[in-house]
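What follows is each chain in one-letter form.
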Amino acid sequence: MTHGTGTGQALDDVVVLDLTHHIAGPYATKLMADFGADVIKIERPGGDIARRFGPFQGDEPHPEKSGLFFFLNTNKRSVVLDLHSDAGRGALRQLAARADLVVENFRPGVAEALGIGWADVHALNPKASMISVSNFGQDGPYRDYRLTDLVLYGFAGEMYSMGATEREPVKMAGTAALFESGAAISAALMGALWSNRANGEGQHVDIALTETHFGGVDRRHATAIASQFSGRKTLRLAGAGSGMPQGIYPCADGYVDFTNAGLRPDRILDMVGFPEWATDEKYFIPENRLNPEYIDEWNANFLVWCLERTKREIWEEARRAKVMCGPLFTVEDMYEDEHFRERGFWTKVTHPAMGEVELPGRPLMMAEGGWQLRQPAPLLGQHTEEVLREAGLSDAEIAAVVAANKEAQP
Amino acid sequence: MKKPLEGVRIVDLCVVWAGPFATLLMADLGAEVIKPENPFVFQPMTRGALARPSTLMINAAAAWGGGLPGNVPGERPWNYNPTFVSLYRNKKSFTVDLRRPEGMDVLRRLVEKADVVYENNATGTMEKLGITYGWLKEIKDDIIYVRVPAYGNTGPYSTARALGVHLEAVMGHTMLRGYEDADPSVNTAIYSGDYLAGAQGAFATMAALWHREKTGKGQLIEIGQAENASAMFTQAIMDYTLNRRVQGAIGNRDIFGRYPCGVYPAKSPGTAVDMGDHWVSIHVESDEQWRAFGAAIGNPDWAADPRFATNAGREEHAKEIDAHIAAWTREQEDYDVMHLLQRAGIAAAPVLEASRLFSDEQLLARGFPRTQTHEGAGTNQYVGPVWNFEGTPVEFRQPPVLFGEHNDYVYRELLQVSDEEYEALKAGGHIAMDYDPAVL
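Just so we're clear, the structure is a prediction, and the values are computed from it rather than from any experiment.

**Student:** What am I meant to see in the overall build of chain A here?
**Tutor:** Check the secondary structure of chain A and you find 17 helices and 12 strands. Projecting the C-alpha coordinates of chain A onto the three principal axes gives extents of approximately 85 × 50 × 40 Å. Of all 410 residues assigned to chain A, the portion counted as buried reaches 60%. Here the analysis covers contacts within chain A between residues at least 6 apart in sequence; of these, 68% occur between residues at least 24 apart.

Structure, rendered in structure tokens:
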């Protein structure tokens with residue numbers, strides 16, 4: 001029997017036993033699956049909790065109609081196991097024996113209690129690595145503490161300095177922080193695969209969601225080190241600070257964001273078309289460009305320039321003049337945008353319960369062995385029998401697993 | 001055990017954050033990451049905004065950009081800019097001017113010995129130097145060339161200049177985040193797309209190395225950063241594709257609609273202006289947790305209000321509940337709120353100002369902060385790695401790399417240039433520990 005999917009993709013010889021649920025873990029294993037790995041997703045009889053989170057197609061809560069679950073679980077195979085039953089745990093051990101990676105995000109201690117802790121996996125399959133994802137790590141005084149996207153990002157990400165000085169700190173959109181953690185986990189999965197190959201045996205990787213943020217890019221690592229170097233802290237500041245231009249400006253039909261790195265005022269001048277107000281030499285003296293009085297004066301004129309133009313018109317001028325700028329698109333603007341359509345960013349796939357679904361496709365382009373959408377997110381338990389049969393379970397053993405699953409149904 | 005990427009050599013032509021984060025993750029896994037740097041060209045926002053900023057300028061910049069040791073630029077400010085040092089541990093640096101043929105010849109010899117070339121410059125920068133996939137492949141047939149353009153290398157936006165903050169605006173993030181009752185112009189500039197593209201760039205590079213092992217083939221990888229960042233807004237995007245609903249900002253509320261969920265003031269040693277304000281986030285995810293919350297804070301009458309017993313009721317009366325919670329938290333230490341509520345099974349934690357992470361009990365217990373000594377900056381605590389490989393722990397084997405620190409290693413040991421050529425390159429200004437005096 002082949003090991004893996006054999007699709008010709010980069011990871012088509014890799015088998016991942018995926019015990020993760022919700023967002024961060026499944027996002028990491030989705031990347032593995034989208035690039036060819038055989039990701040066997042173990043779901044409890046009630047299904048991954050993400051099946052209960054929206055957006056739902058037609059706003060109808062339904063375990064097979066969550067857009068979130070759909071996106072996170074493309075190309076995976078769903079196997080339902082009741083891990084409180086002997087049959088379920090036995091099947092799990094057989095699957096672990098064939099996997100290259102075992103990934104889990106149970107509360108610390110639960111995998112061990114289920115007989116699938118690192119010591120168990122290592123004994124069953126010395127060549128496999130195990131990646132354990134938890135909120136605060138597998139040990140330490142906060143080991144059993146809970147997190148949601150807000151609490152994670154507030155504690156470990158650079159949320160403290162986001163928002164207005166006089167108001168409360170404010171987070172990123174949706175569950176962006178959990179997706180960031182998921183990306184960090186995906187790199188660890190590949191690192192673990194390479195570790196398997198380098199050493200001929202597996203290892204255990206302990207990932208704390210908090211540490212993926214404390215140690216991660218987007219300001220936090222730098223604010224932390226800046227405090228060590230200089231004693232300075234990062235003020236919570238509305239907008240992006242001030243400059244010529246700097247931050248978010250209203251325009252005729254919305255908003256545009258500029259960053260003035262302070263280096264190329266000539267490009268800004270080119271962008272606005274050399275009007276008299278912008279050509280004054282005083283604006284080109286580096287020290288003056290930090291002077292609030294000059295900045296305000298300059299921005300009063302720039303604001304008028306923005307308000308006379310649409311966000312797309314402004315961005316076009318900025319692109320021409322090589323100025324760093326981004327229009328604030330709504331999701332609709334982005335969805336309709338021709339650039340992304342023409343590049344093939346969007347993709348469609350037919351799902352048994354949802355019909356044709358459109359979703360963002362490749363996260364990146366590999367010229368060889370790259371991304372494919374081979375199948376939509378699985379129905380709950382869609383592949384239970386198929387996968388267990390491949391793993392060598394007998395008809396009687398499979399029947400026992402299915403019976404245990406039924407019994408466990410609420 | 002051997003480190004996962006031992007023996008892999010990466011040429012790091014990266015700038016700012018998205019590229020360097022990818023190569024950092026691979027350096028932490030044992031890859032040898034070598035950064036060619038040009039003494040005549042300062043890469044903005046990488047070793048700082050300017051090579052030789054004034055004291056006025058570093059103090060005007062946000063701390064994470066301008067917080068240099070002792071708040072002075074010092075002799076070689078490019079060696080200890082906070083945004084740089086956080087991403088350049090475990091890497092090597094050598095200098096070469098790639099605008100001159102002899103410089104490109106040095107790069108050619110380095111590529112011969114490399115597995116991966118990684119870049120995330122503005123579109124056109126590499127082409128101008130003559131660095132293309134074709135050129136690299138001619139030198140090393142199975143090279144993996146990773147490029148991270150903001151909007152991809154094709155299409156009308158391919159030439160747009162962008163940092164993370166701009167491409168996220170285009171993908172909808174800036175409209176989707178921030179206070180729900182304020183206009184988006186108050187949104188602070190953030191760069192979350194750099195995290196995603198950086199970590200997935202490491203993922204993709206390692207996947208390409210895996211593919212090369214099976215097929216003998218290298219390849220070109222293109223990570224269009226805007227497209228890549230879109231995953232973070234999955235709920236909003238899927239709501240549009242499924243339901244044609246255009247979502248907007250919801251502040252600190254839960255996108256899944258569980259109440260209460262917010263950031264509340266805690267007892268504070270200072271004010272927001274002196275960055276001594278403390279806040280605590282609290283998220284109650286179920287009716288059961290709501291009852292536990294009431295019990296944990298001593299069963300005040302308002303917590304037992306039957307109107308608040310269900311999530312629908314808590315949503316309807318969210319403002320009233322938030323006011324009650326804030327009145328309670330205001331009298332509490334943020335960490336006390338965390339421990340009290342977490343012991344009752346409720347997600348809560350201080351909103352930490354960054355300097356406080358070095359004294360957090362959990363991080364100290366896990367040995368997360370690392371001590372490094374660095375020329376010009378002295379001995380300091382640094383943030384640890386993003387994951388803990390128990391068999392091959394991430395070591396901080398090289399402190400944030402100085403400009404040109406590995407000139408001898410790269411030229412003499414790795415490329416084995418003759419003494420004569422070394423001296424000629426040095427005389428030509430290729431080999432240096434300082435930027436050319438003419439560089440701003």
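More follows now that the structure is in view.
**Student:** Can you walk me through the interface of chain A and chain B in this structure?
**Tutor:** Interface extent is often summarised as the accessible area lost during association of the parts. Every contact between the two is made by 136 residues of chain A and, on the other side, 150 residues of chain B. It is helix α7 (residues 176-199) of chain A that contributes the most residues to the side of chain A that touches chain B, 15 residues altogether. The sheet contact formed by strand β12 (residues 365-366) of chain A and strand β6 (residues 219-222) of chain B spans two bridges and is antiparallel. Its bridge partner lying in β6 of chain B, M365 of chain A is registered against E222 of chain B.

**Student:** Help me out: how do you make sense of the sheet that holds strand β9 (residues 325-327) of chain A in this one?
**Tutor:** The strands making up a sheet are joined through hydrogen bonds of the backbone, oriented either antiparallel or parallel. All names here are of chain A. Read across the sheet, three strands follow the order β7-β8-β9 without closing on themselves; strand pairing throughout is antiparallel. Either end of the sheet is taken by a strand with one partner, and the two such strands are β7 (247-251) and β9. For this sheet, the mean inter-axis angle between neighbouring strands, taken without regard to orientation, is 25°. Bridge analysis of strand β8 (residues 254-258) against β9 gives three bridges, and the strand direction is antiparallel. Bridged to D257 within β9 is G326. Contacting β7 and β8, helix α12 (residues 292-307) runs over the sheet at an angle of about 50° to β7.

**Student:** Which parts of the structure should I look at to understand the nonpolar core?
**Tutor:** Residue and element names in this part refer to chain A. Ranked by internal contacts, the top residues of the largest apolar core, which has 270 residues, are V16 and L189. Sort the elements by how many residues they give to this core and α7 lands first, with 14 residues. With residues up to four places along the chain from it excluded, the contact list for V16 reads T29, M32, A37, V39, I40, A99, D100, L101 and V103.

**Student:** Where do I start with the domain arrangement of chain A in this structure?
**Tutor:** When its domains are assigned, chain A resolves into domain 1 (15-218 + 345-408) and domain 2 (247-331). Each of domain 1 of chain A and domain 2 of chain A was reduced to a C-alpha centroid, and the two centroids are 44 Å apart.

**Student:** Explain the sheet that holds strand β7 (residues 261-265) of chain B to me, please; I cannot follow it from the model alone.
**Tutor:** Spatial strand order, β7-β8-β9 (chain B): three strands in an open sheet with antiparallel pairing. The strands lining the two open edges of the sheet, one partner per strand, are β7 and β9 (347-350) of chain B. Taking the axes of each pair of neighbouring strands and ignoring which way they run, one obtains an average angle of 15° across the sheet. Both β7 of chain B and strand β8 (residues 279-283) of chain B contribute to a ladder of five bridges, which runs antiparallel. If you follow V263 of chain B over to β8 of chain B, its bridge partner there is S281 of chain B. In this fold helix α6 (residues 149-156) of chain A packs onto β7, β8 and β9 of chain B, with an angle of close to 15° to the strand it touches most, β9 of chain B. Along the sheet, helix α15 (residues 318-329) of chain B makes contact with β7 and β8 of chain B, crossing β7 of chain B at roughly 40°.

The rules we used
- Every chain's residues receive numbers from 1 upward, in the order its sequence appears when written.
- Throughout, the order in which chains and ligands are written sets their labels, letters from A for the former and numbers from 1 for the latter.
- Where local features are concerned, this predicted model is filtered to residues with pLDDT of at least 70; where side-chain atom pairs are given and counted, the filter is 80 or more; whole-chain, interface and lining totals use all residues.
- Under the DSSP-based scheme used, a helix requires at least four consecutive residues in state H or I and a strand at least two consecutive residues in state E, with every element numbered from the N terminus.
- Three exposure classes are used, based on other C-beta atoms lying within 10 Å of a residue's own C-beta, which is placed from the backbone: buried for 20 or more, exposed for 12 or fewer, and partly exposed in between.
- Contacts here follow a simple rule: the backbone-placed C-beta atoms of the two residues must lie within 7 Å.
- Two strands pair if DSSP finds at least two bridges between them.
- Note on geometry: axes are C-alpha line fits, over the in-contact stretch for helices, and angles between N-to-C directions span 0 to 180 degrees.
- Here, a nonpolar core denotes buried Ala, Val, Leu, Ile, Met, Phe, Trp, Tyr and Cys residues that are linked to one another through C-beta atoms within 7 Å.
- Throughout, the edges of the domains are those of an automatic or database domain assignment.

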